[in-house]
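Understanding the architecture of this molecule
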Amino acid sequence: MNEKIERLKQLVRESDNIVFFGGAGVSTESGIPDFRSVDGLYHQQWKYPPETILSHSFFARDPEEYYRFHRAKLVIEGVKPNRAHLRLAELEREGKLKAVITQNIDGLHQAAGSKHVLELHGSILRAYCSKCRKPFPADVINYGQGVPRCDCGGVIRPDIVLYEEPLDEDILHQAISYIRRADVLIIGGTSLNVYPAAGLINYYRGNKLVLVNLSETPYDSYADLVIHEKIGEVFDQI
Ligand code: CNA
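Structure report, in brief. Because the structure is a prediction, the values reported are computed rather than measured. Numbering of residues starts from 1 in every chain and runs along the sequence as written. Local features in this predicted model are restricted to residues whose pLDDT is 70 or higher, and side-chain atom pairs enter the listing and the counts only when it is 80 or higher, whereas totals over whole chains, interfaces and linings include all residues. The basis for the side-chain values is all heavy atoms of the structure; hydrogens and waters are excluded.

**Observations concerning the sheet that holds strand E4 (residues 122-129)**
Spelled out, the test is: Here, a strand pair is defined by DSSP locating no fewer than two bridges between the strands. Where helices and strands are cited, they refer to DSSP runs of H or I of at least four residues and of E of at least two residues respectively, numbered from the N terminus. Axis definition: a line fitted to C-alpha atoms, over the contacting stretch in the case of helices. Angles run 0 to 180 degrees between N-to-C directions.
Across the sheet, which stays open at both edges, the three strands sit in the order E5-E4-E6 with antiparallel pairing between neighbours. The outermost strands of the open sheet, each flanked by one partner alone, are strand E5 (135-137) and strand E6 (156-160). This sheet shows a mean twist of 45° between the axes of neighbouring strands, independent of strand direction. Bridge count for E4 against E6 is five bridges, and the pairing is antiparallel. By the bridge assignment, Ser123 is partnered in E6 with Asp159.

Structure below.
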């Protein structure tokens, strides 16, 4: 085990107030592509970049094309939690980890057994009518063809935060509160490019900020420990 992972293991061993904040890179080892890696969604051939298709105005303008992308790229059959998700759930059960704050919409932290998950960007495992807000099972949006509609005539949409939409204030406040009080803050698998989520890091008051990310992030110089390795492999060793 290298020195940096040994240091992270020690921080985890000595703390009972760890908070984890993660992004798409947490799920790449489960087979879900992120946006910005070389084999991520940005480098694939679609008529528009993911941030355009996954925006409020695009969904309103062209829900048909939105759903084509949604079903082809966001819904991936048979994905399972990887070692990062599983170890985080274990740390929660051991009473060491207080919350997982995630930008992911894939539900894999809950599938791994984590109970206290704050989903900043919602989940593709929930859906509701954009007109009357009636909830629908996720199968209605994730499978089938065309644009799913409610009895009231409204378009059924995924319960995710599209670009141009605000984050849920209650979830955001809870996330800020956990980060403010955290002893150890581990940030993993996120390019820290998407705001306001990325700005959460500024609320941390401690001196044990750990970044685990394959590529460099704009916050590397602020961190007390930076590990540029695969997060599943790192969490397998701590
Ligand atoms: P991003 O901007 O795509 O960045 C991902 C980061 O993870 C990159 O810096 C990679 O270097 C890094 N990375 C990739 N694989 C690994 C790995 N195995 N171990 C460690 N690091 C790795 O993703 P962000 O989450 O920062 O961007 C935020 C967007 C992307 C959010 O709105 C997400 O909802 C959205 N997204 C979510 C998913 C998902 O739910 N799984 C998938 C793709 C995009």
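So much for the structure itself; the text now carries on.
**So, unusual backbone geometry**
Put simply, the test is: Remark: exposure states derive from per-residue accessible area (1.4 Å probe, protein chains only) relative to the maximum for the residue type, with buried under 20%, exposed over 50%, and partly exposed in between.
Even without a glycine there, the phi angle at Glu164 is positive, about 80°. Mapped onto the elements, Glu164 comes out in the loop between E6 and helix H8 (169-181). Judged by its relative accessible area of 58%, Glu164 is exposed. With a phi close to 55°, Leu192 is a non-glycine residue in the positive phi region. With respect to the helices and strands, the residue Leu192 is situated in the loop between strand E7 (184-188) and strand E8 (209-212).

**Overview of the sheet that holds strand E2 (residues 97-102)**
Spatially, six strands are ordered E3-E2-E1-E7-E8-E9 in an open sheet, and the strand pairing comes out parallel. Of all strands in the sheet, those bounded by a partner on one side alone are strand E3 (117-119) and strand E9 (225-227). Sheet twist, expressed as the mean angle between neighbouring strand axes with direction ignored, is 15°. In this structure, E7 lies alongside E8, joined through four bridges in parallel fashion. When the sheet's bridge partners are listed, Gly188 is paired in E8 with Val212.

Functional significance is not addressed by these values, which are geometric in nature.
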